[in-house]
Amino acid sequence: MTKQRPVYLIAEVAQAHDGSLGILHSYIDALAATGVDAVKFQTHVAAAESSAHEPFRVRFSYADATRYDYWERMGFTLPQWQGIKDHCTEAGVEFLSSCFSQAAVDMMEAIGMARYKVGSGEVTNFLLLEKIARTGKPILLSSGLSNYAELDAAVDFLRPFGNDLSILQCTTAYPTPPERVGLNVLAELRARYPGVRVGLSEHTALVATGIAAVALGAEVLEFHAVFDRRMFGPDAPSSLTIDEISRLVAGVRQVETMLANPVDKSDNSAYGELKGIFEKSLAVGRDLPAGHVLTFDDLEAKKPAGYGLAAADFRAVLGRKLRHPLSRYAFLTAADLEP
């Protein structure tokens, strides 16, 4: 087996900053310290992506009369986005942001974002897909709201552009219960879209989810981040805390090491000394007289190996007579047996 490519770990801040640049920059520093590869945000240009008709997904906000108002409050200017990206670079993590309009893509292109994450709700938005594909940059396509017919159509649409493509299994439920994660879909995606990198975008607020996905071959892992799940915001209950993310990163890297170092189970030569210590020799489990015919209940097995007949060969001594008496727990050797 060749060495596994490291799993690309994305911590999504999304709207956990609640429109505050100060809180946003605090997330960058905190997440960089966990060892994630990228810190992701969402670029919302309210007038370009939304309208007064958009309903709240969850009625969580006391500050915003409409969902449109919320997107306006979550938006940042181009210079602010440049500062956010620069901070990520300084902190040693890649800057990412999901775009929900062509105007948002233009902003991200202006600051030189390296790759694009497409949210689940945009899989059928071929206008946005083409806008992103024309950049020539890698695309991470989340599949939460899509069935296979819709996902097939999106992949077929994107392939001619030649972008490096990853597809992420995703369940659009906040939080997602374990029974709806769909880890089985990882293998299905890999079989259905050969040559495409496969991963998981998840909202379970469980460290175990990401560990399991990586063990099953996920090459990209995305999860929401929050300082505390009691914080304000629609994604807080489905997010991992900073400490949980640190544990997740450590666990993922450990799983990578395990996957990259296969064990040849046919070769146990490295255990020669230990086998001698832990494996056992035949002994007798009671005082036995000369001429006694050995039965199963007469036998015991004791460490170490090599001091009596091998415990694995016990059947060969059943029904054999002893040449001389043996005391309880004495090792049983070939010399103790009559021909």
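What counts as what
Along each chain, residues carry numbers from 1 onward, in the same order as the chain's sequence is written. Predicted model: local features are reported for residues with pLDDT of at least 70 only, side-chain atom pairs are reported and counted for 80 or more only, and whole-chain, interface and lining totals are derived from all residues. Side-chain metrics in this entry use all non-hydrogen atoms of the structure; hydrogen atoms and water are not considered. Classification of ring pairs rests on two measures: the distance between centres of Phe, Tyr or Trp rings, Trp counted by its six-membered ring, which must be within 6.5 Å, and the angle between planes, read as stacked under 30 degrees, edge-to-face over 60 and tilted in between. Exposure classes here rest on a 1.4 Å probe applied to the protein chains alone. A residue is buried below 20% of its type maximum, exposed above 50%, and partly exposed in between. Should the NZ of a Lys or the CZ of an Arg lie within 6 Å of a ring centre and within 35 degrees of the ring normal, that charge is described as sitting over the ring. UniProt positions are given in the numbering used here, feature names are shortened, and annotations may be inferred rather than shown by experiment. Counting from the N terminus, the helices are the DSSP runs of H or I reaching at least four residues and the strands are the DSSP runs of E reaching at least two. In what follows, salt bridge is the name for a side-chain nitrogen of Lys or Arg lying within 4 Å of a carboxyl oxygen of Asp or Glu. The criterion is simple. A nonpolar core is a set of buried Ala, Val, Leu, Ile, Met, Phe, Trp, Tyr and Cys residues joined through side-chain atoms within 4.5 Å. Residues are treated as being in contact if the distance between any of their heavy atoms lies within 4.5 Å. Any two strands with at least two DSSP bridges between them are considered paired. Crossover handedness is defined here as right-handed if the route from the first strand over the helix to the second strand goes clockwise, with the strands pointing away from the viewer.

Turning our eyes to something else, we now look at the packing of aromatic side chains. The full count for this structure, using the stated rule, is 10 aromatic pairs. Consider the rings of Phe76 and Trp81, whose centres lie 5.4 Å apart with planes at 85 degrees: the pair is edge-to-face. By the burial criterion, Phe76 is buried, and Trp81 matches it. Put simply, the rings of Phe41, Phe76, Trp81 and Phe95 touch in pairs and so form one group of aromatic residues. Over the ring of Tyr148 we find Arg192; its NZ or CZ atom is 4.2 Å from the centre of that ring.

Taking the numbering used here, the UniProt-annotated feature "domain: AFP-like" (unreviewed entry) corresponds to residues 281-339. The span residues 281-339 carries 0% helix and 14% strand; its end-to-end C-alpha distance comes to 20 Å.

Summed over the entire model, instances satisfying the criterion amount to 16 salt bridges. The partner of Asp37 in a salt bridge is Arg253, and the shortest N-O contact between them spans 3.0 Å. Here the residue Asp37 occupies a position in the loop between α1 (21-32) and β2 (38-43), and Arg253 occupies one in helix α10 (residues 242-260), the gap between them amounting to 216 residues. Lys117 is the partner of Glu222 in a salt bridge, and the nearest nitrogen-oxygen pair spans 2.5 Å.

With that out of the way, let us pick up the nonpolar core. Grouped together as the largest cluster of nonpolar side chains are 65 residues, with contacts concentrated most on Leu31, Phe41 and Leu221. Among the elements that make up this core, the one with the highest residue count is α10 (six residues). If near-sequence neighbours (up to four positions away) are discounted, Leu31 is found in contact with Ala11, Val13, Val36, Val39, Ala225, Ile242 and Ile245. By size, the runner-up hydrophobic cluster in this structure holds 11 residues, among which are Val284, Leu294, Leu299 and Leu337.

Our next topic: the pairing of strand β6 (residues 165-170). In terms of residue burial, β6 counts as a mostly covered element, since six of its six residues are buried. Of the two faces of β6, the one holding Leu165, Ile167 and Gln169 and the one holding Ser166, Leu168 and Cys170 are both buried throughout. Pairing geometry for strand β5 (residues 139-142) and β6, over four bridges, is parallel. Bridging from a neighbouring strand, Leu140 pairs with Ser166 of β6. After leaving β5, the chain enters helix α7 (residues 148-158) and then returns to the sheet as β6, a path that is right-handed.

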